[in-house]
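# Topology and contacts: notes
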Amino acid sequence: MSLKSGKIHQGDCLQLMQKVDAGSVDLVFADPPFNIGYEYDQYDDRQDDEKYIAWCQKWIAEVHRVLKPSGTFWLAIGDEYAAELKVAAQRKIGFTTRSWVIWYYTFGVNCKYKFSRSHAHLFHFVKDEKEFTFNSDDPEIRVPSARALVYGDKRANPKGRLPDDTWILRPQDFQSDKYGFTPEQDTWFFSRVAGTFKERQGFHGCQMPEQLLGRIIRASSNEGDLVLDPFSGSGTTMAVAKKLGRDFLGCELSEDYVKYASDRLKSIKVGDPLDGPADPIASAPSTAAGVRLDSKGRRTRTKIISGALEDNQPSIGRKPLSSKGDIEEAVREAFHSTHEGFSVDRVVVDPHLNHSFVERCSRLGIPGEAADFNRLLMRLRKNRKLGTKFTSRNITISHEEFDCYSFAAEIAWGLVRSRYSGESLDEILCDPKKVQLFDSIARDFAPGFKPVEYRWAALHIRKKGSDLRKSLSMRFKFSRFSPARSLEDFETDSLRNEPGIYILRNSDKNDLYLGETNNLAHRLEYHKRAWSQVEPPEFVSLLPHQDRLEQRKTCLVARRHPQLNVDLKEVLS
């Protein structure tokens with residue numbers, strides 16, 4: 001490949017793509033000019049129909065050429081040419097359509113003589129209809145089914161279900177309990193990147209939301225795959241690809257866009273959380289208490305009384321909650337109306353329970369955002385001010401289950417804590433941005449589990465730490481660790497179902513991670529496969545079988561201070 005990956009190249013996409021080796025790209029996402037007269041930097045968006053369609057056929061043919069046989073092509077396009085380009089891609093170029101997704105947003109340009117446009121089309125094409133990447137088990141793209149959430153049916157797939165192909169993102173229209181959609185249903189929310197959003201780059205007017213690209217890139221590529229965007233624009237495809245650990249390659253006609261987008265990429269690291277909320281209800285101000293006109297044209301405010309809406313209030317409406325007592329009472333009400341019998345910790349760490357709690361807090365007029373609501377709830381629990389007593393549901397998870405992913409939760413906790421200067425676990429779990437980073441890191445080390453599992457495991461580690469702390473003063477007799485051996489060449493067959501303690505070391509023989517497990521072979525295989533967040537370990541040393549593994553590990557961590565472990569002595573002090 002003559003075009004270097006990991007950057008955006010300036011020039012015409014047709015000429016640039018001709019320099020890309022055939023069959024070398026895993027995923028292409030293209031959001032081309034729609035030919036509707038938009039004012040671009042260096043492109044005339046007013047072409048004759050035939051000329052525009054012919055040009056699109058040429059670059060789509062190049063997309064087909066550069067894609068691997070198992071490659072995937074996503075095309076974003078407006079109404080005007082959606083049908084023509086779908087037919088051309090299928091019948092003239094040779095793609096197969098897997099999905100025709102409608103992305104619905106409803107706050108586009110207001111039209112005077114026709115119904116306002118509220119959507120765009122996303123075509124999902126593949127080269128080979130039988131062999132292509134589609135990560136249907138990725139927990140980040142699945143949603144819980146109604147069978148599981150509504151009916152409590154034990155036959156429901158614990159991994160959830162795939163969403164349908166209508167993606168909705170008008171948060172103001174879907175906050176009503178009666179008419180709204182919730183994240184567990186089969187309609188997707190993604191916020192368009194409006195001018196007031198923090199995500200907005202400012203130099204490009206047609207910016208795609210990162211969360212939307214995140215779903216596409218997660219579903220249609222794997223870590224290390226090459227993602228190509230022929231129309232890079234603000235660089236969102238590249239930014240999301242980099243955050244998700246993909247290689248990337250961009251083409252862009254505008255010199256200014258290339259400069260600004262490249263600067264944007266320099267500030268991004270692998271594992272950074274995606275911009276914009278995965279739950280778009282948090283992406284725009286609530287209109288539950290907004291201003292409206294009554295039957296006589298007078299301005300009135302919606303008032304919320306015990307969660308119900310009243311529209312016939314005087315113009316001053318209800319004042320925003322400001323006193324400490326009113327805010328605490330509203331948080332208590334929000335929790336007791338949404339916890340479904342679960343504890344405070346579970347409400348904070350479970351994305352679906354937390355969505356309901358945060359939404360109710362917003363509707364009750366509590367000032368702040370999701371992180372503020374979660375912190376207030378934690379504080380009320382700590383100060384025993386939650387009011388009505390209740391017995392929370394027990395959540396029983398076997399040690400064997402925790403063994404599969406608890407180590408990943410510990411590493412993620414340690415890395416996020418380090419990035420945020422010793423932030424507490426509660427603060428990490430309360431803040432959507434920080435906990436999203438936590439989830440991303442944990443998923444890298446132990447892929448295939450749900451965010452709530454990683455988060456709950458971290459709380460379990462901390463809770464166990466309260467007991468294990470006593471062991472820090474105990475004296476254990478340890479055998480010597482075995483000599484350091486190459487992790488890559490380490491044969492694990494002899495360790496099947498063997499418990500033990502181990503240390504992973506870098507090339508300088510410095511301790512990276514000290515772990516304990518009931519199945520050394522299984523754990524070391526995990527470490528061999530997934531280690532993208534930090535320097536991969538090169539060596540492993542083992543302790544022979546010991547009893548009281550957790551206590552012994554805690555003592556060793558406090559003594560040796562490995563780089564990626566959470567030192568419970570420090571955390572719990």
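Overview of the structure.

The grouping of Asp48, Asp49, Glu50 and Glu84 at the surface amounts to a negative patch. Within the element layout of this structure, Asp48 appears in the loop between strand S2 (25–30) and helix H2 (49–66).

Position of Glu210 among the secondary structure elements: in helix H5 (residues 210–220). When its relative accessible area of 0% is taken as the criterion, Glu210 is described as buried. Separated by 2.9 Å, the side chains of Glu210 and Arg264 make a polar contact.

A full pass over the atoms with the stated rule returns one cavity of 30 Å³ or more. In this structure, the largest cavity spans a volume of roughly 300 Å³. In this structure, the largest cavity is lined by 21 residues; those nearest its centre are Glu410, Ile461, Glu516, Glu550 and Lys553. Mapped onto the lining of the largest cavity, the elements with two or more residues apiece are helix H12 (399–419), helix H15 (451–468), strand S15 (511–517) and helix H17 (549–560). Examining the composition of the lining of the largest cavity, we find that six residues originate from one element, H12, more than from any other.

Now for the sheet that holds strand S14 (residues 500–505). In spatial order, the strands read S13-S16-S14-S15; together these four strands make up an open sheet with antiparallel pairing. Every other strand in the sheet has two partners, leaving strand S13 (485–486) and S15 as the edge strands with one partner each. Inspection of the sheet shows S14 paired to strand S16 (residues 539–543) by five bridges, in the antiparallel sense. Among the inter-strand pairings, Tyr502 is bridged to a residue of S16, identified as Leu542. Against the sheet, helix H16 (residues 520–529) contacts S14, S15 and S16, and its axis sits at roughly 20° relative to S14.

Here the focus is the state of the cysteines. Disulfides are covalent bonds that link the sulfur atoms of two cysteine residues. Tallied over the full model, the rule gives zero disulfides. Left without a disulfide partner, Cys13 is nearest to the cysteine sulfur of Cys251, which lies 6.5 Å away. What makes Cys13 buried here is its relative accessible area of 6%.

Next up on the list: unusual backbone geometry. Phi is positive for Glu340, close to 55°, though the residue is something other than glycine. If you trace the backbone, Glu340 turns up in the loop between helix H8 (324–336) and helix H9 (344–349). Looking at Glu340, the relative accessible area reads 51%, which means it is exposed. Positive phi outside glycine occurs at Lys509, with the angle close to 65°. Mapping Lys509 onto the fold places it in the loop between S14 and S15.

Attention now moves to the nonpolar core. Grouped together as the largest cluster of nonpolar side chains are 67 residues, with contacts concentrated most on Phe357, Ile366, Leu377, Phe438 and Leu524. Those residues in contact with Ile366, other than ones at most four positions away along the chain, are Leu321, Ile327, Ala330, Val331, Cys361, Phe373 and Leu376.

Now for the pairing of strand S3 (residues 67–77). When you tally the buried positions in S3, you get eight out of 11 residues, the bulk of the element. Here five bridges tie S2 to S3, and the two strands are oriented parallel to one another. What sits directly across from Val28, in S3, is Phe73. In this sheet, strand S5 (residues 119–126) lies alongside S3 in antiparallel orientation, the contact comprising six bridges. Opposite Phe73, over in S5, you have Phe125 as the bridge partner.

Moving on, we get to H8. Because each turn of an α-helix spans 3.6 residues, side chains separated by three or four positions end up pointing in the same direction. Its 13 residues give H8 an end-to-end C-alpha distance of 18 Å, which sits within 8% of 18 Å, the value for a rise of 1.5 Å per residue. Those residues of H8 that fall on the buried side of the exposure criterion are Ile327, Glu328, Ala330, Val331, Arg332, Ala334 and Phe335.

A word on the pairing of S5. Within S5, seven of the eight residues are buried, which leaves the element mostly enclosed by the surrounding structure. Where strand S4 (residues 96–104) meets S5, eight bridges bridge the pair, whose relative direction is antiparallel. For Thr96, the partnering residue across the bridge sits in S5 and is Val126.

Quick look at the packing of aromatic side chains now. Tallied over the full model, the rule gives 17 aromatic pairs. When the ring of Trp55 is compared with that of Phe231, the centres are 5.8 Å apart and the planes differ by 70°; the resulting orientation is edge-to-face. Of this pair, Trp55 sits in helix H2 while Phe231 sits in the loop between strand S7 (226–229) and helix H6 (236–243), placing them 176 residues apart in sequence. We note that Trp55, like Phe231, is buried. Clustering of aromatic rings is evident, with ring pairs tying together Tyr52, Trp55, Trp59, Phe73, Tyr81, Phe95, Trp100, Phe123, Phe125 and Phe231. Positioned above the aromatic ring of Tyr420, the side-chain terminus of Lys434 is 4.9 Å from the ring centre. Just above the ring of Tyr526 sits the side chain of Arg529; from NZ or CZ to the centre is 5.2 Å.

The rules behind these values
Residues numbered from 1 in each chain as written. Predicted model: local features only at pLDDT ≥ 70, side-chain atom pairs only at ≥ 80, totals over all residues. Heavy atoms only, no water. Patch = residues over 30% accessible without salt bridge, like charges linked within 9 Å, V, L, I, M, F, W, Y side chains within 5 Å. Areas by Shrake-Rupley, 256 points an atom, 1.4 Å probe, with all protein chains shown as cover. Salt bridge = Lys/Arg side-chain N within 4 Å of Asp/Glu carboxyl O. Lys, Arg positive; Asp, Glu negative; His and termini not counted. Charge placed at Lys NZ, Arg CZ, Asp CG, Glu CD. Helix = DSSP H or I, 4+ residues; strand = E, 2+ residues; numbered from the N terminus. Buried < 20%, exposed > 50% of the residue type's maximum accessible area, 1.4 Å probe, protein only. Polar contact = N/O pair within 3.5 Å; in protein donor to acceptor, adjacent residues only side chain to side chain. 1 Å grid on protein atoms, 1.4 Å probe; cavity = no way out; pocket = protein on both sides within 12 Å on 5 of 7 lines; lining within 4 Å. Points joined across faces, edges and corners; volume = space filled by probe spheres on them. Pairing = 2+ DSSP bridges. Contact = heavy atoms within 4.5 Å. Axes fitted to C-alpha atoms, helices over the stretch in contact; angles between N-to-C directions. Disulfide = S-S within 2.5 Å. Core = buried A, V, L, I, M, F, W, Y, C linked by side-chain atoms within 4.5 Å. Expected span 1.5 Å × (residues − 1). Phe/Tyr/Trp six-rings, centres within 6.5 Å; stacked < 30°, edge-to-face > 60°. Lys NZ or Arg CZ within 6 Å of the ring centre and 35° of its normal.

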